[in-house]
Amino acid sequence: MQKVIDEVEEKLRAGDSRLTPRREHILRVLLENKDKHLSAEEIYNLVKQKAPDVGLATVYRTLELFLDFDIIHSIDFGDGRKRYEFGGERGEGHHHHHLVCNGCGKIIEVNEDLLEDLEKRVTEAYNFVITDHELKFFGYCKECAAKKAEGGR
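Definitions and limits used
- Residues numbered from 1 in each chain as written.
- Predicted model: local features only at pLDDT ≥ 70, side-chain atom pairs only at ≥ 80, totals over all residues.
- Heavy atoms only, no water.
- Core = buried A, V, L, I, M, F, W, Y, C linked by side-chain atoms within 4.5 Å.
- Buried < 20%, exposed > 50% of the residue type's maximum accessible area, 1.4 Å probe, protein only.
- Helix = DSSP H or I, 4+ residues; strand = E, 2+ residues; numbered from the N terminus.
- Contact = heavy atoms within 4.5 Å.
- UniProt positions renumbered as here; feature names shortened; annotations may be inferred.
- Axes fitted to C-alpha atoms, helices over the stretch in contact; angles between N-to-C directions.
- Parallel < 35°, antiparallel > 145°, perpendicular 65-115°, else oblique.
- Left-handed = near helix turned anticlockwise from the far one by under 90°.
- Nonpolar A, V, L, I, M, F, W, Y, C, P; charged D, E, K, R; others polar.

J.: Even after reading the chapter, I still don't get the nonpolar core, so can you show me in this structure?
T.: Within soluble globular proteins, side chains that are nonpolar generally end up buried alongside one another. Counting 25 residues, the largest nonpolar core has Ile26, Ile43, Leu63 and Phe66 as its most contacted members. Looking at this core, the elements with two or more residues in it are helix H1 (2–14), helix H2 (21–32), helix H3 (40–50) and helix H4 (56–68). Each residue touching Phe66, except ones within four places of it in the same chain, is listed here: Leu12, Leu19, Arg23, Ile26, Leu27, Leu30, Ile71 and Ile72.

Printed below as a string of structure tokens:
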């Protein structure tokens, strides 16, 4: 984790910003929860446990800074809140895709690039240089689908 923190610090410094102790607390929460898609409020609540002096406004400003430097990505799953995940720079390969449960809100990552062939066809047909894409499927996870089936009987 320290290696990633050092890389982020260097990236910020190269852009005339710094990794302050408060920003580092926020970065650590993101790194410790890499497998989750946290909202700003969820990040704030986790940071608050370790650094009670960090305010919600600081979390929002830091997330915007990290977005500007391509340190994190924001995703909208249609629930009215941005979610954040740590990730490499946009345009360097592709991000995973997401399955979003309409019942419980669970988010499942699909780590396959399902759109590679479509991208090639679009690039050729429209002479369009694609730098990134995002794909979300909405439906019901196994547990919620089973509950719906039981309720339908």
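Now that the structure is up, let's keep going.
J.: Is there a simple way to explain the UniProt feature "binding site: Zn(2+)" (unreviewed entry) in the chain in this structure?
T.: The positions that UniProt labels "binding site: Zn(2+)" (unreviewed entry) are, in the present scheme, Cys101, Cys104, Cys141 and Cys144. What stands out for the annotated residues spanning 44 residues is how close their C-alpha atoms remain, the widest pair being 8.2 Å apart. Residue placement: Cys104 occurs in the loop between strand E4 (97–101) and strand E5 (107–110). When neighbours within four sequence positions are excluded, Cys104 is seen to be in contact with Cys141 and Cys144. For Cys144, the contacting residues outside a window of four places in its chain are Cys101, Gly103 and Cys104.

J.: Just checking my understanding: could you explain the packing of H3 against H4 for this structure?
T.: Packed helices, taken two at a time, are described by the angle their axes make and the gap between the axes. Look at H3 against H4: their axes get within 9 Å of each other, and the N-to-C directions meet at 120°. Looking at the two axes, H3 sits oblique to H4. The two elements H3 and H4 cross, and the hand of that crossing is right-handed. Taken together, the residues of H4 that come into contact with H3 (itself represented by Ala40, Glu41, Ile43 and Tyr44) are Leu56, Val59, Tyr60 and Leu63. When the residues that make up the contact of H3 with H4 are grouped by side-chain class, the tally is seven nonpolar, no polar and one charged.

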